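# Structural characterization, general
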Amino acid sequence: MRTELIIWACVAAALIAAEALAPGAFLLWLGFAAAATFVLLLAVPALTTVWQVIAFALFSMISVALYWRFVRGHGRVSDQPLLNRRAQHLLGQVYPLESAIIDGRGRIKVGDAFWAVEGGDLPTGTPVRVLAIDGMNLRVSAA
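Residues numbered from 1 in each chain as written. Predicted model: local features only at pLDDT ≥ 70, side-chain atom pairs only at ≥ 80, totals over all residues. Heavy atoms only, no water.

## So, the environment of Ile101
You can see Ile101 is positioned in strand 1 (residues 94-102). Accessibility expressed as a relative area gives 2% for Ile101, which makes it buried. Each C-alpha atom, one on Ile101 and one on Val140, is 9.9 Å from the other, the two residues being 39 residues apart in sequence. Beyond its immediate chain neighbours, meaning those up to four positions away, Ile101 contacts Gly106, Val117, Gly119, Gly120, Asp121, Leu122 and Val140. (Helix = DSSP H or I, 4+ residues; strand = E, 2+ residues; numbered from the N terminus. Buried < 20%, exposed > 50% of the residue type's maximum accessible area, 1.4 Å probe, protein only. Contact = heavy atoms within 4.5 Å.)

## Quick word on the side chain of Asn137
The residue Asn137 is located in strand 5 (residues 137-142) in this model. Residue classification places Asn137 among the buried residues on the basis of a relative accessible area of 18%. A distance of 3.2 Å separates polar atoms of two side chains, one belonging to Asn137 and the other to Glu118. Ignoring any residue separated from it by four or fewer positions in sequence, one finds Asn137 in contact with Arg105, Ala116, Glu118 and Ala132. (Polar contact = N/O pair within 3.5 Å; in protein donor to acceptor, adjacent residues only side chain to side chain.)

## Let's talk about helix 1 (residues 3-21)
Owing to its 3.6 residues per turn, the α-helix aligns residues three or four sequence positions apart on the same side. Over its 19 residues, helix 1 runs 27 Å from end to end, which matches the ideal 27 Å to within 8%, given 1.5 Å per residue. Taken residue by residue, helix 1 has Leu5, Trp8, Ala12, Leu15 and Glu19 as its buried positions. The buried residues of helix 1 all sit within an arc of 105° when viewed along its axis, so they share a single face. Those residues of helix 1 that are exposed and angled more than 90 degrees off the buried face are Thr3, Ala20 and Leu21. (Expected span 1.5 Å × (residues − 1). Arc of directions from axis to C-beta.)

Here it is, written out as structure tokens:
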């Protein structure tokens, strides 16, 4: 067996094993590219080292592009899509103003947290509806 075949088989095995030890879904695809280069070398034994490296680079780009297109872009659908996006839960909700909106700025209390709000001037206690989120500020209007 040729030395290059053994090298490509070892590179493929090492990359796939490294993915198993430190998962990140990137080394696996490079391991597939090395395995494809191994198969190409079996099919075309006269391939020079330069062309083997070029083939590996091309297979790497193709396999990573396939990963991004078909695997990464289609993640698991969550039964709680707003998890860790707390402000999204507030949209459309009505809360009384904790602090009056003066010059376009005020504050509401949601649970045990205070949120800065922006909107037209309104007195303390006025019910307001959350219309939008702007960073850490909520845009509100009178409910």
